[in-house]
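Chain residues, written in single-letter form:
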Amino acid sequence: MDRIPILKMGDCLLVTIQVDMHDRLALTLQDDLTDRIVRSRARGVLIDISSLEIVNSFIGRMLGNIAAMARILDAETVVVGMRPAVAITLVELGLSMPGVRTALSVEKGIGMLRSAQLQRESLNGSVER
Amino acid sequence: MGAECMISGIRPQIAQTIVHLGVDIGDVLTKATLADAFAIALRRSGLTVTRARAVE
């Protein structure tokens, strides 16, 4: 069974979606990602969709779900690499992805995750490890 | 009742189920591990844990 690889970068997880997502692949990704967030105590998830030429409502919902699950596990999600045509399609279809933040590049995405983490730590306190 | 609540020790499958059922957690802080939640609870109560004597 194909799996989408999840890479660890510091306390962030990087997921690159390069193939068409079908149901089972999406569910496997959700399983793998939630598992990995808990095991690696990740504070951020970066989803790179720069390879996707088309995003439909299924993918939009899946990204929203992943962001919600990650937040419950105390991790923030940023989607990067959205192509212009994809952005236009999402707006025209009325697919707002609630709780999903976006950035133009991986670097900017990581910067967003870091500043969000600093903000949370100043509010809630951090764990010295 | 006047007490602050945090939920911790959330397993991956539980996080998925919560989202799929559309349960709204609201403002309740959620953490994956008890350690993280406990650290925050200590800090919010203005307490710290310190070592009584040096480790030999």
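Residues numbered from 1 in each chain as written. Chains lettered and ligands numbered in written order. Predicted model: local features only at pLDDT ≥ 70, side-chain atom pairs only at ≥ 80, totals over all residues. Heavy atoms only, no water.

Draft legend 1. Region of interest: the overall build of chain A. A count of helices and strands for chain A gives four helices and five strands. Taking 14 Å as the expected radius of gyration for a compact globule of 129 residues, we find that chain A reaches 14 Å, a close match to that expectation. For the C-alpha atoms alone, the extent of chain A along its principal axes is close to 45 × 30 × 20 Å. Going through the 129 residues of chain A one by one, you find that 47% of them count as buried. For chain A, long-range pairs separated by at least 24 residues make up 72% of all intrachain contacts whose partners lie at least 6 apart in sequence. Summed over all atoms, the accessible surface of chain A reaches about 6,800 Å², with 54% contributed by carbon and sulfur. For chain A, the separation between the mean place of its 15 positive charges and that of its 15 negative charges on side chains is 5 Å. (Helix = DSSP H or I, 4+ residues; strand = E, 2+ residues; numbered from the N terminus. Rg over C-alpha atoms; globule rule 2.2 N^0.38 Å. Buried < 20%, exposed > 50% of the residue type's maximum accessible area, 1.4 Å probe, protein only. Contact = heavy atoms within 4.5 Å. Areas by Shrake-Rupley, 256 points an atom, 1.4 Å probe, with all protein chains shown as cover. Lys, Arg positive; Asp, Glu negative; His and termini not counted. Charge placed at Lys NZ, Arg CZ, Asp CG, Glu CD.)

Draft legend 2. How the structure looks around the packing of helix 1 (residues 23-40) of chain A against helix 1 (residues 12-20) of chain B. Helix 1 of chain B packs onto helix 1 of chain A with a crossing angle of 125° between their chain directions and a minimal axis gap of 8 Å. Judged on the interaxial angle alone, helix 1 of chain B and helix 1 of chain A are oblique. With respect to the hand of their crossing, helix 1 of chain A and helix 1 of chain B are arranged in right-handed fashion. Seen from helix 1 of chain A, the contacting residues are Gln 30, Asp 31, Thr 34, Asp 35 and Val 38 of chain A; seen from helix 1 of chain B, they are Pro 12, Gln 13, Gln 16 and His 20 of chain B. (Axes fitted to C-alpha atoms, helices over the stretch in contact; angles between N-to-C directions. Parallel < 35°, antiparallel > 145°, perpendicular 65-115°, else oblique. Left-handed = near helix turned anticlockwise from the far one by under 90°.)

Draft legend 3. Representation of the environment of Leu 13 of chain A within the structure. All names here are of chain A. Take Leu 13: it is sitting in strand 2 (residues 12-16). For the pair Leu 13 and Arg 43, spaced 30 residues apart in sequence, the C-alpha separation works out to 8.3 Å. If sequence neighbours within four positions are ignored, Leu 13 has contacts with Ile 6, Leu 7, Lys 8, Leu 33, Arg 36, Ile 37, Ser 40, Ala 42, Gly 44, Val 45 and Leu 46.

Draft legend 4. Highlighting the pairing of strand 4 (residues 76-80) of chain A. Residue and element names in this part refer to chain A. With five of five residues buried, strand 4 is to be regarded as a mostly interior element. Residues Glu 76, Val 78 and Val 80 of strand 4 are buried on one face, and the alternating residues Thr 77 and Val 79, pointing to the opposite face, are buried as well. Across five bridges, strand 3 (residues 44-48) lies against strand 4 in parallel orientation. The partner of Asp 48 across the bridge, within strand 4, is Val 80. Handedness of the crossover joining strand 3 and strand 4 through helix 2 (residues 57-72) is recorded here as right-handed. Two elements, strand 4 and strand 5 (residues 101-103), share three bridges in a ladder whose sense is parallel. Residue pairing across strands places Val 78 opposite Arg 101, the latter belonging to strand 5. The handedness of the strand 4 to strand 5 crossover, carried by helix 3 (residues 84-92), is right-handed. (Pairing = 2+ DSSP bridges. Right-handed = clockwise from strand over helix to strand, strands pointing away.)

Draft legend 5. Quick peek at empty space enclosed by the protein. Per the counting criterion, the structure on display carries three cavities of 30 Å³ or more. Approximately 60 Å³ is the volume found for the second largest cavity. Looking at the second largest cavity, the residues that line it are Ile 37, Val 38, Arg 41, Ala 42, Arg 43, Leu 73 and Asp 74 of chain A together with Ala 32, Thr 33 and Asp 36 of chain B. Per-class residue counts for the lining of the second largest cavity are five nonpolar, one polar and four charged. (1 Å grid on protein atoms, 1.4 Å probe; cavity = no way out; pocket = protein on both sides within 12 Å on 5 of 7 lines; lining within 4 Å. Points joined across faces, edges and corners; volume = space filled by probe spheres on them. Nonpolar A, V, L, I, M, F, W, Y, C, P; charged D, E, K, R; others polar.)

Draft legend 6. Representation of the layout of surface pockets in the model. In this structure, the largest pocket encloses a volume near 730 Å³. Contributing to the lining of the largest pocket are 33 residues, with Ala 68, Arg 71 and Ile 72 of chain A together with Gly 26 and Thr 30 of chain B lying nearest its centre. Contributing elements (two or more residues each) for the lining of the largest pocket: helix 2 and helix 4 (106-124) of chain A together with strand 2 (29-30) of chain B. Among the elements that line the lining of the largest pocket, the one with the most residues is helix 2 of chain A, at nine residues. Of the residues assigned to the lining of the largest pocket, the class counts are 14 nonpolar, 10 polar and nine charged.

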